[in-house]
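Listed below are the residues making up each chain.
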Amino acid sequence: GESVGLHLPTLSVQEGDNSIINCAYSNSASDYFIWYKQESGKGPQFIIDIRSNMDKRQGQRVTVLLNKTVKHLSLQIAATQPGDSAVYFCAENTNSGYALNFGKGTSLLVTP
Amino acid sequence: AAGVIQSPRHLIKEKRETATLKCYPIPRHDTVYWYQQGPGQDPQFLISFYEKMQSDKGSIPDRFSAQQFSDYHSELNMSSLELGDSALYFCASSLGPGLEYTDTQYFGPGTRLTVL
């Protein structure tokens, strides 16, 4: 995807609150979606994924929702902790593809 | 669990020099991917290999080349380096595409390349 520079959208939440990070995608053919967490200077870390035949998937403290009608993906983090502070990226692919197309990252800042 | 290994972790080069980045995938993974990430930007796909053959190509400059070896490790060769090549370079690995689904890509810690 195209990048717009150094300023990432930022979401600031208090410790213990729930966080919701949103992502819009444009490729109607995409059928595999992943959320990655990236801490400063580190590689993207897999959080959770979802295939297009599902609209919701839950992990430990995280839930991913997929709305194919409006091409929207969200990541919900329950009881957000300081260790959740990072940049979160959604990425998409097709079931037969290789390249991940990353969306714009969202910086999550958890305050005590 | 074993993760993707990348070396070196940091590399400083002069303009017009060459650089080689190495990637060792998670054991049993046969597919490797290379991504470039500029400051504050999302990772951009460069190239991928499945079973030692190039499987997909993205926005990789002609000055760059890559290959996957018989032990599945991969190397990204970068020549005639430019200032704009300064970035984090990530390698990811996965099991190859199955009959139905692409498998999850797991990323390495990255190589930070600085071109002076």
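The following paragraphs examine the structure supplied in this document. Keep in mind it's a predicted model, so treat the numbers as computed, not measured. (Residues numbered from 1 in each chain as written. Chains lettered and ligands numbered in written order. Predicted model: local features only at pLDDT ≥ 70, side-chain atom pairs only at ≥ 80, totals over all residues. Heavy atoms only, no water.)

### A short note on the pairing of strand β4 (residues 31-37) of chain B
Residue and element names in this part refer to chain B.
Reasoning step 1: Of all seven residues in β4, six are buried; the element is thus mostly enclosed.
Reasoning step 2: The pairing of β4 with strand β5 (residues 44-50) spans six bridges and is antiparallel. Paired with Val 32 across the bridge in β5 is Phe 49.
Reasoning step 3: Hairpin remark: β4 followed by β5, antiparallel, with six residues in the connecting loop; positive phi at Gly 40, about 70°.
Reasoning step 4: Here β4 pairs with strand β9 (residues 87-94) via seven bridges, running antiparallel. (Buried < 20%, exposed > 50% of the residue type's maximum accessible area, 1.4 Å probe, protein only. Helix = DSSP H or I, 4+ residues; strand = E, 2+ residues; numbered from the N terminus. Pairing = 2+ DSSP bridges.)

### So, the pattern of salt bridges
Residue and element names in this part refer to chain B.
Reasoning step 1: Taken as a whole and assessed by the stated rule, the structure comprises six salt bridges over all chains.
Reasoning step 2: The partner of Lys 22 in a salt bridge is Glu 75, and the shortest N-O contact between them spans 4.0 Å. Note that Lys 22 is positioned in strand β3 (residues 19-24) and Glu 75 in strand β8 (residues 74-78), a separation of 53 residues in sequence.
Reasoning step 3: Between Arg 63 and Glu 82 there is a salt bridge, and its shortest N-O distance comes to 3.4 Å. With Arg 63 in the loop between β6 (53-57) and β7 (64-68) and Glu 82 in the loop between β8 and β9, the pair connects residues that are 19 residues apart, well separated along the chain.
Reasoning step 4: Overall, the relative accessible area of 41% leaves Glu 82 in the partly exposed class.
Reasoning step 5: Here the salt bridges do not stand alone but share partners, grouping Arg 63, Glu 82 and Asp 85 into one network. (Salt bridge = Lys/Arg side-chain N within 4 Å of Asp/Glu carboxyl O.)

### A word on unusual backbone geometry
Reasoning step 1: Put simply, B:Ser7 and B:Pro8 share a cis peptide bond, and its omega is -10°.
Reasoning step 2: Summarising the element assignment, B:Pro8 is placed in the loop between β1 (5-7) and β2 (10-13).
Reasoning step 3: In this structure, A:Arg61 takes a positive phi of about 70° despite not being glycine.
Reasoning step 4: In this structure, B:Arg16 takes a positive phi of about 75° despite not being glycine.
Reasoning step 5: With respect to the helices and strands, the residue B:Arg16 is situated in the loop between β2 and β3.
Reasoning step 6: Residue B:Arg16 is classed as exposed on the basis of its relative accessible area, which comes to 65%.

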